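Each chain, written out:
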There are 2 protein chains.
Amino acid sequence: MTGFKVTPWEVSGKVDYEKLIKEFGTKPLTNELIEKLVKKAGKDHLLLRRKLFFSHRDFDNILKWNESGKEFALYTGRGPSGTTHLGHLVPWIFTKYLQDAFDCELYFQLTDDEKFLYNKDLTLEETHKFAYENMLDIIAVGFNPKKTFIFSNLDYAKTLYKTAIKIAKKTTFSTVKAVFGFKNETNTGMIFFPAMQAVPCFLPSILKGKEIPTLIPAAIDQDPYWRGIAREVAGKLNYPKPAQIHCMFLPGLGEGGKMSASQPNTAIFTTDDEKTVKKKVGSAFTGGKPTVEEQRKKGGNPDVCSVYKYYYYLFEDDDKKLMERFEACKSGKLLCGECKAQLAERVNKFLKKHQAEREKAKKNIDKFILKD
Amino acid sequence: MTGFKVTPWEVSGKVDYEKLIKEFGTKPLTNELIEKLVKKAGKDHLLLRRKLFFSHRDFDNILKWNESGKEFALYTGRGPSGTTHLGHLVPWIFTKYLQDAFDCELYFQLTDDEKFLYNKDLTLEETHKFAYENMLDIIAVGFNPKKTFIFSNLDYAKTLYKTAIKIAKKTTFSTVKAVFGFKNETNTGMIFFPAMQAVPCFLPSILKGKEIPTLIPAAIDQDPYWRGIAREVAGKLNYPKPAQIHCMFLPGLGEGGKMSASQPNTAIFTTDDEKTVKKKVGSAFTGGKPTVEEQRKKGGNPDVCSVYKYYYYLFEDDDKKLMERFEACKSGKLLCGECKAQLAERVNKFLKKHQAEREKAKKNIDKFILKD
């Protein structure tokens, strides 16, 4: 498969991220910018070092703004169409790193309206319920309760709608048609929705009554919202253009493709128990050979292995140890079964902590929810 | 001018109401239906007798539903793009007659979102302010405070948005294009708005958790919302189809055309003082002759006279006296100056009472406002 498609609602094919940077008109996240960020944070981050975060728009300007002592805010979101998996956590974990680095506010939007409007089989009651389930996972990541404001579009609609219609007044059907590929058959809720998604870009400025730009850490598929809508209308409404820092998609445990709730066997959900994780990791696609003998002799291929990708992006922070694992695989010393068992253990260790935090979140949720 | 245009945002030309009934597919309000209503109300109404209310959709079904002892609710609204004039009051006065007749609930929507989205020169702050100014006029009409629920779309957005997106999910761009003539250049707020306007059709059923159909008294230009959107999706969402009872437009004081705030010299605003009313009525277009001598000799023409229309529709309830005035004009006995002075007096008497009620409404407004 050579072609690929990346829209806010569909990611298919093998994504060529370099091509995407050109197509979307973003900039690669340079080592210089990474160094500046790491210096500010006082520590580096796996997702930066391993370049899962790879692209940006105006992140350099946000750094300059911050250097001059001025406030900015983070904004990210989640489309609550199901339970949370590790792929969702990736940008959130990185968002926490950013919040800690800059000690800044975070606005977290749950688009229960969008997921209802887009999925013909989901009811509003379902997406709204998922929003609250997902909030527990968000809170479990460890955001600062004093500076984190989480809201469901449905529950925060009174505030959002006011600014959404200001954005919508400046946005024609021609524009959303060009940006999102909407058609005459698209429902009018979806046509309006990009305005709702753009609101939090300006929300810190609105709530505080002064210019507070936003930085949006998110997977690159969400970029059309900021490029095509929020950045376009920002000037017309006298708000600063939102900046973005983009990540790639966390792969699933299958042969290619991003981790997706629609393929539950190759996705690890935050609520999976130990046994389920062992089973899913045990069935993961690897670069192993058909027989133990052959693998001992010829070695495995970590470059195509989904298990190796999990060490790479999330579960082996130590570069030296990662390289040793890579070599052990290539040489045939490390077999897939053992490597999988070790990963399952690390995933379960991670999930045990996450699940404990998630339980605590049930009691603390009110501290985080933004109300009209 | 033979052509005419009637849309929710534009009414121009000399409206042919019979043609409109055919075009919109409504039914004429028959004498049989009028008699049933008058019987129920225990009294007749000028606006019925003089047929300013002239058309309906399913009003017969509402009467049957009511006869079987079941509850229905009234729903009407106002687009707050300016101060209230007599033309606006007409459907409200009739709505009060209906509320009194059936002792039923009334939901009153102020579409401050729509007026902002449609008028490029109006800010949201302005339409929102007009909404509250207009509410005072609504309350001044004398609705039952225990059964009347007034809301601004902006302030009630949290509740409205939930149902609006259910309606929008069932409404495509093709549909709103066909119903309202929207184009690719239409802004996405206007495209979504018909869903917001349709919500109150179903609101009584939603708030009470049982089937409560709505009857909408409104000028006929609003019909596309109910015909093209609300009635279309009602079945899909398991709500009863809203019924309508339509009025014509109250003419202005000029030569033809409806009373319109955009022509302030031929519109009587509820806040006009005595002097202003005298001046406006004094300058009204009549069927008089160029000189007193000529009029004494040939008589005036009440059929084209805007002043006569005001007696007809609002300020002369007595059919016999109306006929006497008609004849006195035709015969040249009654001159325009005297006739105008009498009308100005009646208008001022009406406004004096209205303005007093409007002042009282400032204290009572909270009793009427529907909150999330």
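Okay, so let's go over this structure. (Residues numbered from 1 in each chain as written. Chains lettered and ligands numbered in written order. Predicted model: local features only at pLDDT ≥ 70, side-chain atom pairs only at ≥ 80, totals over all residues. Heavy atoms only, no water.)

**Examining helix H15 (residues 319–331) of chain B**
Residues and elements named next belong to chain B.
- End to end, H15 covers 18 Å across 13 residues, agreeing with the expected 18 Å (1.5 Å per residue, within 8%).
- For H15, the complete set of buried residues consists of Leu322, Arg325, Phe326, Ala328 and Cys329. Taken around the axis of H15, the buried residues stretch over an arc of 165°, which confines them to a single face.
- Its buried side turned inward, H15 meets helix H14 (306–315) and helix H16 (336–368).
- Where H15 begins, the side chain of Asp318 points an oxygen toward the backbone nitrogen of Lys320, at a separation of 2.8 Å. (Helix = DSSP H or I, 4+ residues; strand = E, 2+ residues; numbered from the N terminus. Expected span 1.5 Å × (residues − 1). Buried < 20%, exposed > 50% of the residue type's maximum accessible area, 1.4 Å probe, protein only. Arc of directions from axis to C-beta. Contact = heavy atoms within 4.5 Å. Polar contact = N/O pair within 3.5 Å; in protein donor to acceptor, adjacent residues only side chain to side chain.)

**A word on the sheet that holds strand S7 (residues 148–152) of chain A**
- Read across the sheet, 7 strands follow the order S3-S4-S9-S8-S5-S6-S7 (chain A) without closing on themselves; strand pairing throughout is mixed. The open sheet has two free edges, formed respectively by strand S3 (27–28) and S7 of chain A, since each of these has just one partner strand. (Pairing = 2+ DSSP bridges.)

**Quick look at the pairing of strand S7 (residues 148–152) of chain B**
All names here are of chain B.
- Burial within S7 is extensive, with 4 of its 5 residues counted as buried.
- Relative to S7, strand S6 (residues 106–110) runs parallel, the two sharing 5 bridges. Bridged to Phe108 within S7 is Ile150.

**Description of the sheet that holds strand S4 (residues 53–57) of chain B**
Residues and elements named next belong to chain B.
- The sheet built from 7 strands is open, its strands ordered S3-S4-S9-S8-S5-S6-S7 with mixed pairing. Two strands in the sheet have a free side with no partner beyond their single neighbour: strand S3 (27–28) and S7.
- The pairing of strand S5 (residues 73–78) with S6 spans 5 bridges and is parallel. Among the inter-strand pairings, Tyr75 is bridged to a residue of S6, identified as Tyr107.
- Across the sheet, helix H1 (residues 17–24) touches S3 and S4, and the angle it forms with S4 is around 5°. (Axes fitted to C-alpha atoms, helices over the stretch in contact; angles between N-to-C directions.)

**Observations concerning the packing of helix H2 (residues 31–41) of chain A against helix H4 (residues 59–67) of chain A**
Residue and element names in this part refer to chain A.
- Where H2 contacts H4, the axes come no closer than 11 Å and their chain directions differ by 35°. Taken as a pair, H2 and H4 cross one another with a handedness that is left-handed. Contacts from Leu33, Lys36, Leu37 and Lys40 of H2 reach H4 at Phe59, Asp60, Leu63, Asn66 and Glu67.
- Split by residue class, the contact of H2 with H4 holds 4 nonpolar, 1 polar and 4 charged. (Left-handed = near helix turned anticlockwise from the far one by under 90°. Nonpolar A, V, L, I, M, F, W, Y, C, P; charged D, E, K, R; others polar.)

**As for the side chain of A:Gln99**
- Turning to its location among the elements, A:Gln99 is positioned in helix H5 (residues 86–102).
- There is a polar contact of 3.2 Å between the side chain of A:Gln99 and the backbone oxygen of A:Cys104.

**Side note on the interface of chain A and chain B**
- Counting from both sides, the interface comprises 35 residues of chain A and, opposite them, 35 residues of chain B.
- In total, about 3,100 Å² of surface goes out of reach between chain A and chain B, with carbon and sulfur atoms giving 64% of it.
- Across the chain A-chain B interface, the total number found is 2 salt bridges.
- The interface formed by chain A and chain B holds 20 residue pairs in polar contact (both at pLDDT 80 or more) in total.
- The greatest single-element share of the side of chain A that touches chain B, amounting to 8 residues, is contributed by helix H8 (residues 157–169) of chain A. (Buried area = accessible area lost by both parts, 1.4 Å probe. Salt bridge = Lys/Arg side-chain N within 4 Å of Asp/Glu carboxyl O.)

**So, the nonpolar core**
- A:Ile167, A:Phe192, B:Ile167 and B:Phe192 are the most contacted members of the largest nonpolar core, which has 87 residues in total.
- Setting aside its immediate chain neighbours within four residues, B:Ile167 contacts B:Ala195, B:Ala198, B:Val199, B:Phe202, B:Ile229, B:Val233 and B:Leu237.
- Core analysis: the next-biggest nonpolar cluster, separate from the first, contains 81 residues, A:Ile62, A:Phe102, A:Phe315 and A:Leu334 among them. (Core = buried A, V, L, I, M, F, W, Y, C linked by side-chain atoms within 4.5 Å.)

**Concerning the packing of aromatic side chains**
- If you walk through the whole model with that rule in mind, you get 43 aromatic pairs over all chains.
- Plain terms: the ring middles of B:Phe72 and B:Phe102 are 5.0 Å apart, the flat faces sit at 75° to each other, and that makes the pair edge-to-face. Here B:Phe72, found in the loop between helix H4 (59–67) and S5, pairs with B:Phe102, found in helix H5 (residues 86–102); they are 30 residues apart in sequence, far enough to count as distant.
- What makes B:Phe72 buried here is its relative accessible area of 2%.
- For B:Phe102, a relative accessible area of 9% corresponds to the buried category.
- Put simply, the rings of A:Tyr75, A:Phe180, A:Phe182, A:Phe193, A:Tyr225 and A:Trp226 pair up and form one aromatic cluster.
- Over the ring of A:Phe24 we find A:Arg227, and its NZ or CZ is 4.4 Å from the ring centre. (Phe/Tyr/Trp six-rings, centres within 6.5 Å; stacked < 30°, edge-to-face > 60°. Lys NZ or Arg CZ within 6 Å of the ring centre and 35° of its normal.)

**Description of the packing of helix H7 (residues 124–140) of chain A against helix H16 (residues 336–368) of chain A**
Residue and element names in this part refer to chain A.
- Interhelical geometry of H7 versus H16 gives an angle of 110° and a closest axis separation of 7 Å. The angle between H7 and H16 falls in the class roughly perpendicular. Judged by residue contacts, Tyr132, Glu133, Met135, Leu136, Asp137, Ile139 and Ala140 of H7 engage His354, Glu357, Arg358, Ala361, Lys362, Ile365 and Phe368 from H16.
- Here the residues of the contact of H7 with H16 sort into 8 nonpolar, 1 polar and 5 charged. (Parallel < 35°, antiparallel > 145°, perpendicular 65-115°, else oblique.)

**Concerning the pairing of strand S1 (residues 4–7) of chain A**
All names here are of chain A.
- Pairing analysis gives 4 bridges linking S1 to strand S2 (residues 10–13), with the strands arranged antiparallel. Within S2, the residue paired with Thr7 across the bridge is Glu10.
- Between the end of S1 and the start of S2, which pair antiparallel, lie 2 residues.

**Quick look at the relation of the copies chain A and chain B**
- For the pair chain A and chain B, the superposition axis carries a translation of 0.0 Å, the fit reaches an RMSD of 0.0 Å, and the rotation angle comes to 180°. Both copies are brought into coincidence by an operation consistent with a two-fold rotation axis. For chain A, the minimum C-alpha distance to the rotation axis belongs to A:Lys158 and amounts to 2.3 Å.
- When the interface residues of chain A are mapped onto chain B, 100% of them again fall at the interface, so both copies present the same face. (Least-squares fit on C-alpha atoms with pLDDT ≥ 70 in both.)

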